[in-house]
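Reading the structure
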Amino acid sequence: MPTLTKTRRRVARHERGLIDTSILIDLEQIGAEQLPSEITIAAVTLAELAAGPHATDDANERARRQERLQRTEATFASIPFDHEAARAYGLIYAASKGAGRSSRARPIRHLL
């Protein structure tokens, strides 16, 4: 089913997709119709989530972050970030930079 984006274009819903940490954190607030039918995560997302509990001094927030990490590990089989993925990242970075996109405005890793 097509969905509307902020620019009001109709975009077909993708069958499969890789979601990043920011989407995963907000997953409960995102409607299922806005997500691919089948979603997965990369190992680098688990690394970012694993750092989360250590990045706060608030005990309640630390517990929420730890629970999110454990729920994510139990729900998703992550795709490894290996040499091939690193090379693909380099190509995406080069193409993005060549197209004039700034990595400061939005980190290039969010394009993966």
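Just so we're clear, the structure is a prediction, and the values are computed from it rather than from any experiment.

The next thing to look at is the nonpolar core. Counting residues in each nonpolar core, the largest one holds seven residues, listed as Ile19, Leu24, Ile41, Leu46, Leu49, Leu69 and Phe76. Discounting chain neighbours no more than four positions away, the residues touching Phe76 are Leu24, Leu27, Ile39, Thr40 and Ile41.

Turning our eyes to something else, we now look at the pattern of salt bridges. Side chains that carry opposite charge are capable of pairing whenever their charged atoms lie near each other. A full pass over the atoms with the stated rule returns four salt bridges. Salt-bridge contacts for Glu28 lead to Arg71; the nearest nitrogen and oxygen are separated by 3.5 Å. A residue pair is termed long-range when its members are at least 10 positions apart, and Glu28 in the loop between α1 (21-25) and β4 (38-40) and Arg71 in helix α3 (residues 59-75) qualify at 43 residues. Since its relative accessible area comes to 64%, Glu28 is described here as exposed.

The share of residues in the protein chain with pLDDT of 70 or more is 78%, and the mean pLDDT across the chain is 82. At the level of individual helices and strands, the protein chain shows its lowest average pLDDT in strand β1 (residues 3-4), which scores 46, and its highest in α3, which scores 96. Across residues 1-5, confidence stays below pLDDT 50; counting only partners more than four residues off in sequence or on other chains, it has eleven contacts.

The next thing to look at is the packing of helix α2 (residues 43-51) against α3. Two numbers describe how α2 lies on α3: the axes approach to 9 Å, and their chain directions differ by 155°. One way to sum up the angle between α2 and α3 is to call them roughly antiparallel. The chirality of how α2 crosses α3 is left-handed. Facing Leu46, Leu49 and Ala50 of α2, the residues of α3 in contact are Arg68, Leu69, Thr72 and Glu73. Here the residues of the contact of α2 with α3 sort into four nonpolar, one polar and two charged.

Okay, the environment of Pro80 next. Mapped onto the secondary structure, Pro80 falls in the loop between α3 and α4 (83-98). Note: C-alpha distance between Pro80 and Val44 (36 residues apart in sequence) is 7.8 Å. Discounting chain neighbours no more than four positions away, the residues touching Pro80 are Ala43 and Ala85.

Within the fold, Phe81 resides in the loop between α3 and α4. The class for Phe81 is partly exposed, based on a relative accessible area of 41%. Residues Phe81 and Thr45 lie 36 residues apart in sequence; the distance between their C-alpha atoms is 9.7 Å.

With that out of the way, let us pick up the side chain of Asp20. When you line up the elements, Asp20 lands in the loop between β3 (16-18) and α1. Polar contacts involving the side chain of Asp20 include one to the side chain of Ser22, which spans 3.0 Å.

About the thresholds
- Residues numbered from 1 in each chain as written.
- Predicted model: local features only at pLDDT ≥ 70, side-chain atom pairs only at ≥ 80, totals over all residues.
- Heavy atoms only, no water.
- Core = buried A, V, L, I, M, F, W, Y, C linked by side-chain atoms within 4.5 Å.
- Buried < 20%, exposed > 50% of the residue type's maximum accessible area, 1.4 Å probe, protein only.
- Contact = heavy atoms within 4.5 Å.
- Salt bridge = Lys/Arg side-chain N within 4 Å of Asp/Glu carboxyl O.
- Helix = DSSP H or I, 4+ residues; strand = E, 2+ residues; numbered from the N terminus.
- pLDDT = per-residue confidence, 0-100.
- Axes fitted to C-alpha atoms, helices over the stretch in contact; angles between N-to-C directions.
- Parallel < 35°, antiparallel > 145°, perpendicular 65-115°, else oblique.
- Left-handed = near helix turned anticlockwise from the far one by under 90°.
- Nonpolar A, V, L, I, M, F, W, Y, C, P; charged D, E, K, R; others polar.
- Polar contact = N/O pair within 3.5 Å; in protein donor to acceptor, adjacent residues only side chain to side chain.

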